[in-house]
Amino acid sequence: MPLLTPHFSVNELSVTSVPGGNVPGPVEELYLLRLCELVLEPLRVLWDCPVTVTSGYRSPHVNSAVGGRPGSAHTKGQAADVAPAGLDLDEGFRRLVASGIPFDQALLESVRGSRWIHVSIPPIYSAPRRQALVTQDGVAFAPYSLAAGESQA
């Protein structure tokens, strides 16, 4: 599949092991392009290493199968779960929050032994909230304090 930006492809942002297909439509593909341009490519520069995408676009079927929230930004092509390949995850999250990258949400998630950073962009014509949160269970989210480098739970 074609590249959206120099380091990210539609295939990379829509790969899944869930049977039944996971092909973004034209609107979702435009949002994936925007996500790459506004957040993922700048993250690669900020972190000075490749960005591993563990989950990007999810069709409603795939989102349901993996336990995603209904109406998730993933189903709109507006979110990706990522990790820096070559940088501590906590340090990567701290750098993201301290940066000027226009994310809507940045979530440092630790669920059932797995850890990742969820990043999203807002809908077109909406300002990014730059909301930074952490969770240990995927249910309860606490604000992240850049000064403390941890949640304010």
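The rules we used
- Residues numbered from 1 in each chain as written.
- Predicted model: local features only at pLDDT ≥ 70, side-chain atom pairs only at ≥ 80, totals over all residues.
- Heavy atoms only, no water.
- Helix = DSSP H or I, 4+ residues; strand = E, 2+ residues; numbered from the N terminus.
- Rg over C-alpha atoms; globule rule 2.2 N^0.38 Å.
- Buried < 20%, exposed > 50% of the residue type's maximum accessible area, 1.4 Å probe, protein only.
- Contact = heavy atoms within 4.5 Å.
- Lys, Arg positive; Asp, Glu negative; His and termini not counted.
- Charge placed at Lys NZ, Arg CZ, Asp CG, Glu CD.
- Arc of directions from axis to C-beta.
- Polar contact = N/O pair within 3.5 Å; in protein donor to acceptor, adjacent residues only side chain to side chain.
- Expected span 1.5 Å × (residues − 1).
- Bend = angle between axes of the 7 residues up to and from the residue.
- Salt bridge = Lys/Arg side-chain N within 4 Å of Asp/Glu carboxyl O.
- Pairing = 2+ DSSP bridges.

Asks: Please give an account of the overall build of the protein that cites residues and values.
Replies: Looking only at helices and strands, the protein has three helices and nine strands in total. When the helices and strands of the protein are placed in sequence order, the string is β-β-α-β-α-β-α-β-β-β-β-β. Against the 2.2 N^0.38 benchmark of 15 Å for 153 residues, the protein shows a C-alpha radius of gyration of 15 Å, consistent with a compact globule. Each principal axis of the C-alpha distribution contributes one length, and for the protein these read about 40 × 35 × 30 Å. Across the 153 residues that make up the protein, the buried fraction comes to 47%. By sequence separation, contacts in the protein at least 24 residues apart represent 64% of the contacts at least 6 residues apart. Looking at charge distribution, the protein has the averaged site of its 11 positive side-chain charges lying 4 Å from that of its 14 negative ones.

Asks: Account for helix α3 (residues 89-98), with residues named and values stated.
Replies: Considered for burial, the residues of α3 that qualify are Leu89, Gly92, Phe93, Leu96 and Val97. Along α3, the residues classed as buried sweep out an arc of 130° about the axis, all on the same side. On the buried face of α3, the contacting elements are α1 (26-47), β4 (79-84), β5 (105-111), β6 (114-120), β7 (131-135) and β8 (141-145). Here α3 starts with a cap whose side-chain oxygen sits 3.1 Å from the backbone nitrogen of aspartate 90, and that cap is aspartate 88.

Asks: Quick rundown of the side chain of serine 14? Include the residues and the values.
Replies: Counting through the fold element by element, serine 14 comes out in the loop between β2 (8-9) and α1. When its relative accessible area of 8% is taken as the criterion, serine 14 is described as buried.

Asks: Explain α1 residue by residue, including any values.
Replies: Under the 1.5 Å per step criterion, the end-to-end length of α1 is 30 Å for 22 residues, consistent within 8% with the ideal 32 Å. Of all the bends in α1, the greatest, near 45°, is centred on cysteine 36. The inward-facing, buried residues of α1 contact β1 (3-5), β2, β3 (51-55), β4, α3 and β6. One or two steps after α1, the chain reaches aspartate 48, where phi turns positive at roughly 55°.

Asks: With reference to specific residues and values, describe the pattern of salt bridges.
Replies: One pass over the structure, following the stated rule, counts five salt bridges. Residue arginine 129 pairs with aspartate 104 through a salt bridge whose shortest N-O separation is 2.8 Å. One end of the pair, arginine 129, is in the loop between β6 and β7; the other, aspartate 104, is in the loop between α3 and β5, with 25 residues separating them in the sequence.

Asks: Describe in detail the environment of valine 82, supporting the description with residues and values.
Replies: By secondary structure assignment, the location of valine 82 is in strand β4. A residue is classified by how much of its surface remains accessible, and valine 82, at 0% relative accessible area, is buried. Contact partners of valine 82, with chain neighbours within four places excluded, come to Leu40, Leu43, Trp47, Val51, Thr52, Val53, Thr54, Leu89, Trp116, Ile117 and Val119.

Asks: Mind laying out the pairing of β8, listing which residues take part and the relevant values?
Replies: Within a regular strand, the side chains alternate between the two sheet faces. Here β7 runs beside β8; their pairing, made up of three bridges, is antiparallel. When the sheet's bridge partners are listed, valine 134 is paired in β8 with alanine 142. Where β7 hands over to β8, the hairpin turn is made up of five residues, of which glycine 138 adopts a positive phi near 80°.

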